[in-house]
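# Architecture at a glance
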Amino acid sequence: MPSVLIAGANRGLGLEFARQYAAAGWKVYATSRDLGRADELRKLGGDVSVHQLEVSDKASLSALALALKTVPLDLVIANAGVTGPRGMSPEMVDRESWIETFVVDTIGPVAVAGVFKPNLEKGRGKKLVALSSRLGSIAENDTGGLYVYRSAKAALNAAYRSLAIDWKPAGITVAVLSPGWVRTDMGGSHADLDPAESIAGMKRVIDGLGSEQSGRFFNWSGEEIAW
């Protein structure tokens with residue numbers, strides 16, 4: 001049975017990832033910051049275990065890594081993320097919120113990768129994926145604004161590109177994916193995509209990842225996105 005760890009799986013895209021991988025017969029290690037808000041995860045069928053994880057907290061990461069020390073993982077999905085202050089301007093910089101966004105959106109996925117690298121090395125699939133955003137593409141930024149979110153995701157992309165290079169000798173494939181504009185709490189009710197459609201697309205992309213795709217940036221539909 002293949003296995004996946006999903007960081008940030010109690011709602012939205014993470015919950016749909018857990019649902020689809022469980023339905024496909026995978027062993028799912030699903031995490032939530034607050035286990036009191038993981039009822040939907042516990043209702044999923046299949047082989048799903050629920051674990052506490054706060055990606056911005058070193059002790060929380062270490063505790064889960066220790067609990068899963070002997071578990072081989074075929075896939076790790078760093079999904080947890082926040083938007084940060086959307087309307088922040090250079091004239092009114094909210095330093096604290098900007099830093100908090102970087103901690104969750106950039107540092108968190110790198111820390112998740114680091115603590116679960118030994119698990120990936122034990123697994124067969126050896127795939128690491130982080131959820132980024134098309135808004136993190138510098139090449140495609142032709143509308144401006146969203147300084148906090150754009151910069152956090154662009155930094156995530158840069159970090160995962162380095163991971164792809166550094167972990168190539170270990171045989172680990174690393175990629176970043178954009179889920180598109182999805183109808184979730186973060187995306188809002190007017191977004192283009194249903195979560196099930198976005199996740200099904202990303203799952204197809206992940207299934208097709210190999211060493212030649214490592215270090216690249218893909219849309220949910222499989223289209224490559226410019227950095």
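Shown above is the structure to which this text applies.
For the structure given in this document, a descriptive report is provided here. (Residues numbered from 1 in each chain as written. Predicted model: local features only at pLDDT ≥ 70, side-chain atom pairs only at ≥ 80, totals over all residues. Heavy atoms only, no water.)

Pairing in this open sheet of 7 strands is parallel, and the strands run E3-E2-E1-E4-E5-E6-E7 from one edge to the other. The sheet is open, and its two borders are formed by strand E3 (47-52) and strand E7 (216-219), each paired with just one other strand. Averaged over all pairs of adjacent strands, the angle between strand axes in this sheet comes to 20°, irrespective of strand direction. Bridge analysis of strand E1 (residues 3-7) against strand E4 (residues 75-78) gives 4 bridges, and the strand direction is parallel. Note that in E4 the partner of Ala7 across the bridge is Ala78. Contacts between helix H1 (residues 12-23) and the sheet are confined to E1, strand E2 (27-32), E3, E4 and strand E5 (127-131), with E1 contributing the most and set at about 170° to the helix. (Pairing = 2+ DSSP bridges. Helix = DSSP H or I, 4+ residues; strand = E, 2+ residues; numbered from the N terminus. Axes fitted to C-alpha atoms, helices over the stretch in contact; angles between N-to-C directions. Contact = heavy atoms within 4.5 Å.)

Below, the discussion takes up the pattern of salt bridges. Under the defined criterion, the tally for this structure stands at 10 salt bridges. Among the ionic pairs, Arg33 bridges to Glu54, the shortest N-O distance being 3.9 Å. Taken together, the positions of Arg33 in the loop between E2 and helix H2 (39-42) and Glu54 in the loop between E3 and helix H3 (58-67) put the pair 21 residues apart, joining distant regions of the chain. For Arg33, a relative accessible area of 60% translates into the label exposed. (Salt bridge = Lys/Arg side-chain N within 4 Å of Asp/Glu carboxyl O. Buried < 20%, exposed > 50% of the residue type's maximum accessible area, 1.4 Å probe, protein only.)

Glancing now at helix H6 (residues 195-207). The terminal C-alpha atoms of H6, which comprises 13 residues, lie 18 Å apart, in line with the 18 Å expected from a rise of 1.5 Å per residue. Taken together, the buried positions of H6 are Pro195, Ser198, Ile199, Gly201, Met202, Lys203, Val205 and Ile206. On its buried face, H6 is in contact with H1, E4, E5, strand E6 (173-178) and E7. Sitting at the head of H6, Asp194 places a side-chain oxygen 2.9 Å from the backbone nitrogen of Ala196. (Expected span 1.5 Å × (residues − 1). Polar contact = N/O pair within 3.5 Å; in protein donor to acceptor, adjacent residues only side chain to side chain.)

Attention now goes to the environment of Asp57. Following the sequence through the fold, Asp57 ends up in the loop between E3 and H3. Overall, the relative accessible area of 34% leaves Asp57 in the partly exposed class. In the structure, Asp57 is positioned 24 residues away from Arg33 in sequence and 10 Å away in space, judged by C-alpha atoms.

Everything listed here is a matter of coordinates, which is why it stays silent on function.
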